[in-house]
Structures are given as C-alpha cells and as structure tokens.
Amino acid sequence: MTPNAAQLRIRLPEGVTLRLPLAGPLIRLVAFSLDTFVIMVMTGILTRVVEAIKAFSGSWAYAIYAIGYFVIGTGYGILCEHFWKGQTVGKWLLGLRVLDRTGLELQFTQVALRNVLRFVDTLPAWGLVGGIFILCTEHRQRLGDLAAGTVVIRERRAELRDVSALNRAKYNSFLKHQVLCARLRKLAAPEAGAVAVEALRRRDSLNDADRIRLFDALAAYFLSLVEFPPEDIEPLGSEQIVRNVVEILYLRGGREKAAARPPQMSHRGFAAS
Amino acid sequence: MIVDLDRFLAVERPLWQELETLLSVYDRDRLFRPTTAQSLRLFELYQRSVADLARLEEGGHVDIANELSSVVTRAYAQIHSSRRRPRFKPMEWLLIVLPSTFRRQIGAFQMALGVTLFGCALGAAFLAWDPAAKEGILPFSNLLGDPKDRVHEEEHKTKDPNGEVHAGFAAMLMTHNTRVALTALALGLTWGVGTMIILFSNGITLGAVCFDYVRAGETKFLLGWLMPHGVIEIPAILIASQAGLVLASALIGWNSRVRRRDRLRAVSSDVFTLAAGAALMLVWAGIVESYISQYHKPVLPYEAKIAFGAVELILLIYFFFFVGRRRAEPQTAKEPSAK
C-alpha cells in the first residue's frame, strides 16, 4: 500500500486503526464494464429462452423478455452485492468490495439504494458524474455511495512471496538498524518489493545495461524511503542494496534475530517473543 | 516489534484461518444463530487478531497486516453490527411499514403533488391560450388529433386493441413506468432539481391532455380511459418522487446540525421503502392499463371503468392514510441526534 493512497480508516474499539485502500474511478469503471458484459451475456441467454417460448405465445415471450431484461439490468448489482458480501463478478475479478462506510455489516437497503441511484452517476455518459464525485470526495464515493453510506475498497490478499530461491548475502549491514528496517517495511510499496524480487530472479537474463539501470532505479527508490548511514551504503553497489532490501522485506527469520542479539549474549540466553 | 516473525506466523496464522472459517459460516447462512461457545470463540479470535494486527503494524510488516486486515474487517462487522437481522415479513412491510413511511414523509409527497398540480394548471393554461401549442406540449402522436375523432375511433374499433398481446403490453408498461419512477427517485440526488423537473413536465402533459378532452366535451371518455390505471400510476410516480425529495432534503439539510452522511443514512430505509412501494403499485397499474383501460364503450361502459377507478382511489387513500396506524409511529426519521 502506498502511503499516499486514499484509505478508509476505521478506528476499532480495541484501539487499532484498520486502513483499507479505497478503489479509484478507473478500476471501478473497468469493474462496471465487466459487469455490463456479464449483463449482456445474461440478456443474451434470456433472448434465447424467449425465442423458444415465442413458438407457444408471442405475448408471453415479450412479457418475459421485458420483465427479465429489467430484472437483470436493475437486479444484477443488487442481488450480487447482497448475497455475495458486496461483490459483483466485475468487482470480484478486480478484487473490489462494497463496504459500509463505518465497517459495519452491509444492509440490503444500502445495496439497493446505491444500485438504483447509479443512473445519476452514469450521467451524461461513461459515469462522468460518478467519476467526478469519486475523485472529489474524501472516501472516493459516487453519489449513490454517498446516499447509501457505502464505500468501495480494494481487497488486497497479500501474498508471501516465494523468495527461498534467492541467495542470501553473507552479511547484510542494514540489519544492524532495526528501526530503519521496520520503517522500510512500512514505507516500501508491495509492488516495488515484488519488482525487486523479480529483478533478482531474472538478473541473469537481463543485459548489462538494463540490469544496471533497473537496480539503480530500485536502489534509489528504496534509499529515498529510509536513510541508512552512508558508511553502510557507500561500499555497496545498487544490486547489493536491492538484495539487502529484499532480505529485509521477505527473508524473515534467523538473520534478523541474530543481528538484533547483542554479540556477547549466548544463544540460549535470549528468548524470542 | 516481532523479533521472530516466522515463529509468530506459525503460531498465529492458524488462528486467523480459524477466524476466517468461522466467518464464512456466518456468510453462508445469513440467519445462522451461533451457540454461546461459538460466539465466545469468534470474539476471542477477533481480539487476538486485532492484537496481532497492532503488532504487525508496529513492526512494519505491512503486507501481512494487509492480509490480516481483511479478516479483521469482516470479524469487526460481524461482531459490532448491532443491527438485528429480522426475517423479512412481506405482510408487515406492506401493511405497516409502507403506509407509515409514507405518512412520516408526507411533506415530500405534498411538495411532489404541488409541483405536479402546478404543471397541470400551466399545461391547461398553455392550451387554453394557444391551442396550437398542443404539438409542442404533448409527446404522443395519438393525442395530437381532435379528441372527438379519437373517441369515435376507439368506440368503433372492430378488433381487440391489444389482441393477443396483453401480457407483453402490461410488462412493457410496468417496466417503462418503473424506470421513469426510479429516474425521478435517482434525480433526487441533483438536490431535487431533476425530480422537480420530471414532475413539472409530467404535470404539463397531464394538464394539457385533460384540458383538451374536457374542452372537446369528452370528459367521460377521459375519466374512463385514465382513471382505472391513472389513480394508481400517477400516485406511484408521486411516491417515487417523494422518495427522491426525501433524499434531496437529506442532502441539503436545511437548519440541520447533523452531518450529511448521518442524515442520508437516517433516510435511506424510508427512501427504499417508498421506491419499492411505488414499483409494486406500477405492477398493478400496468396490468390494469393493459387489460381494462384500453377497452372502451361498448366493450366496457365508461361508468363501470370510472367506478372501478374511484374504488381504487378510495382504497389507495385509505391504505396510505389509515392502514397500519395500530402501532405507534415515530414522528420523524429525518433527524438523528447530532454527533
């Protein structure tokens, strides 16, 4: 999560603040387009069914089509979000979820209202009104969200990256600075960490110029987040800095514990929490 | 700070997974009633996960904290949502909730009615002043001719006007009118301006049509044609607009010290109830318009159609103003206490 991304902050009674990343207008537009596609598929199926019924009664076939088309168009979002805990197919594919603004349980009236009011948000075309409101409001809410008291969050199912294949350096001078390491973990965007891991994995397939440019950029980014003492940075090349950072971010365990341990203490004399 | 993260995860992650599993039981069955032991376990796991989250954030393990956040958010919603989930009772909703909501928000209905009547008066005045204005005011081509010609044509039709297409026509009317009603509701978000414009424009059309037929001496035909479905359809549009105006009033919040989001939350249930009521009325209006309104003398005598419409109107008024009064009605749902 980038530090400046819009977040929904929910202060729990237990004293902890939940920070949930809010979805921006573009990703929501893409989710809406995916849902529109699903609705088109469903109405396509409905048309086939109606064609079959037409042979028996043209009037009833039209009635089923008219009502079915209306129910699919209006009810798709309502039913999906109600029974699927705030998700539609588009939202599920993009990892979005509708949430009550206070974090409490989403009510049916909220879901129905935000979907019924979508009409105004889609004015004059391509959700312009809704998009402007999403950009301008604190919690990135379109008008329907404002009225229903809902927000759309990005669900991030963080993956613990498989970095076991990466070689550890013999000595990581950064690990001496526990506070700086903690700050780096907090500030580093997961996307940047993922790029760093991939860069180390594929280093041998990159040509020299690209590899140097990539590691220089990554090292500059990580060092812009946290200021390690110059004596620990200067002897290192960009690639080694990235390797050290990846170890801080992903290769957890014994090394850090060892670095944190005062040299004079014996192994048995230290109980890990 | 977590010194041994591997060990921490090895101990704690199974508990997060247990919490997630327990939450998915609640998700699968919305009416799930847990045992005391299950409730206590849920609370225990939640508190432990919150504590873990605090430690992870403090230690800067943002990616794992993100993973845990989504579980904790669900658990928080489950535990702290004090709102009960009673089983929906359709008859109670229809006979108590809907009419009492209408009465609670009667001010918005009166405003919707006032704007429509003003539009009606203006539509009639336009036509009285300039009969040629008909073409500009009336949107439907079958209304542009002389009312006497239309009455003659309708009364001498040899074919059933809807033939075999009753069901399709009724469905078309239902869905079209419901769309109009939902549009009037949704435009409440334009601070009520859009809703007012729809009401005013409908009023002008209605006023002009009525004036045209009354001036031509075809009042009985007009009543017989419009009353069976109109006494339900027009109030339905007014009720949907009432919902839109309730929304607009919560958005504007004149002289209110309550935050906008709290005002909107307070009226959301009323808005939904009114919208659903209007949609239900439009289903009935669509059936009546397709099966009754389109038939005229000699198939259906005007007196019978007018009497049918009058009975509907009386029942509608009785329903909205008198039904469901047995239970005490809260005076207003508009003003939650200021925070």
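Not measured: the values here are computed from a predicted model.

1. Comments concerning the interface of chain A and chain B
Between chain A and chain B, the residue contacts involve 61 residues of the former and 65 residues of the latter. Remark: the boundary between chain A and chain B carries 1 salt bridge. D100(A) is the partner of R265(B) in a salt bridge, and the nearest nitrogen-oxygen pair spans 3.1 Å. Viewed at the interface, chain B and chain A are joined by 2 residue pairs in polar contact (both at pLDDT 80 or more). Looking at the side of chain A that touches chain B, the element that brings in the most residues is helix α2 (residues 58–83) of chain A, giving 11 residues. Its residues placed into classes, the side of chain A that touches chain B shows 34 nonpolar, 14 polar and 13 charged.

2. Let's talk about the confidence of the model for chain A
Residue and element names in this part refer to chain A. On average, chain A scores 80 in pLDDT, and the residues at 70 or more come to 84%. Least confident of the elements in chain A is helix α13 (residues 254–260), whose mean pLDDT is 45; most confident is helix α3 (residues 89–94), at 93. Note on residues 254–273: pLDDT under 50 across the span, and 27 contacts to partners over four residues away in sequence or across chains.

3. Topic: the nonpolar core
Ranked by size, the top nonpolar core spans 61 residues in total, and within it L117(A), L185(B), L189(B), I239(B), L247(B), V271(B) and F320(B) carry the most contacts. Broken down by element, the residue count for this core peaks at 14 residues, all from helix α10 (residues 219–252) of chain B. If you look at the next biggest cluster of nonpolar residues, it comprises 34 residues, including L8(A), L22(B), L68(B) and V71(B).

4. Here's the deal with the packing of helix α2 (residues 36–58) of chain B against helix α3 (residues 62–80) of chain B
Residue and element names in this part refer to chain B. Where α2 contacts α3, the two axes come as close as 9 Å, and the packing angle between them is 145°. Considering how the two elements wind past one another, α2 and α3 form a crossing that is left-handed. Residues L42, F43, Y46, S49, V50, D52, L53, L56 and E57 of α2 lie in contact with α3, whose contacting residues are I64, A65, L68, S69, V72, A75, Y76, Q78, I79 and H80. Across the contact of α2 with α3, the residue classes tally to 13 nonpolar, 4 polar and 2 charged.

5. Details of the packing of helix α5 (residues 106–129) of chain B against helix α9 (residues 193–215) of chain B
Residues and elements named next belong to chain B. Closest axis-to-axis distance for the α5/α9 pair is 6 Å, and the angle between their directions is 45°. Judged by the inter-axis angle, α5 sits oblique to α9. The handedness of the crossing between α5 and α9 is right-handed. Class assignment for the residues of the contact of α5 with α9 results in 17 nonpolar, 5 polar and 2 charged.

6. Structural notes on the packing of aromatic side chains
Residue and element names in this part refer to chain B. As enumerated under the stated definition, the model contains 17 aromatic pairs over all chains in all. Judged by centre distance (6.5 Å) and plane angle (65°), the rings of F8 and W16 are edge-to-face. Neither F8 nor W16 differs from the other in exposure class; each is buried. Each ring, one from Y318 and one from F322, has its centre 5.8 Å from the other, and the planes form 25°; the classification is stacked. Note that Y318 and F322 are positioned in helix α12 (residues 302–322) at a spacing of 4 residues, about one turn of the helix.

Rules behind the numbers
- Residues numbered from 1 in each chain as written.
- Chains lettered and ligands numbered in written order.
- Predicted model: local features only at pLDDT ≥ 70, side-chain atom pairs only at ≥ 80, totals over all residues.
- Heavy atoms only, no water.
- Contact = heavy atoms within 4.5 Å.
- Salt bridge = Lys/Arg side-chain N within 4 Å of Asp/Glu carboxyl O.
- Polar contact = N/O pair within 3.5 Å; in protein donor to acceptor, adjacent residues only side chain to side chain.
- Helix = DSSP H or I, 4+ residues; strand = E, 2+ residues; numbered from the N terminus.
- Nonpolar A, V, L, I, M, F, W, Y, C, P; charged D, E, K, R; others polar.
- pLDDT = per-residue confidence, 0-100.
- Core = buried A, V, L, I, M, F, W, Y, C linked by side-chain atoms within 4.5 Å.
- Buried < 20%, exposed > 50% of the residue type's maximum accessible area, 1.4 Å probe, protein only.
- Axes fitted to C-alpha atoms, helices over the stretch in contact; angles between N-to-C directions.
- Left-handed = near helix turned anticlockwise from the far one by under 90°.
- Parallel < 35°, antiparallel > 145°, perpendicular 65-115°, else oblique.
- Phe/Tyr/Trp six-rings, centres within 6.5 Å; stacked < 30°, edge-to-face > 60°.

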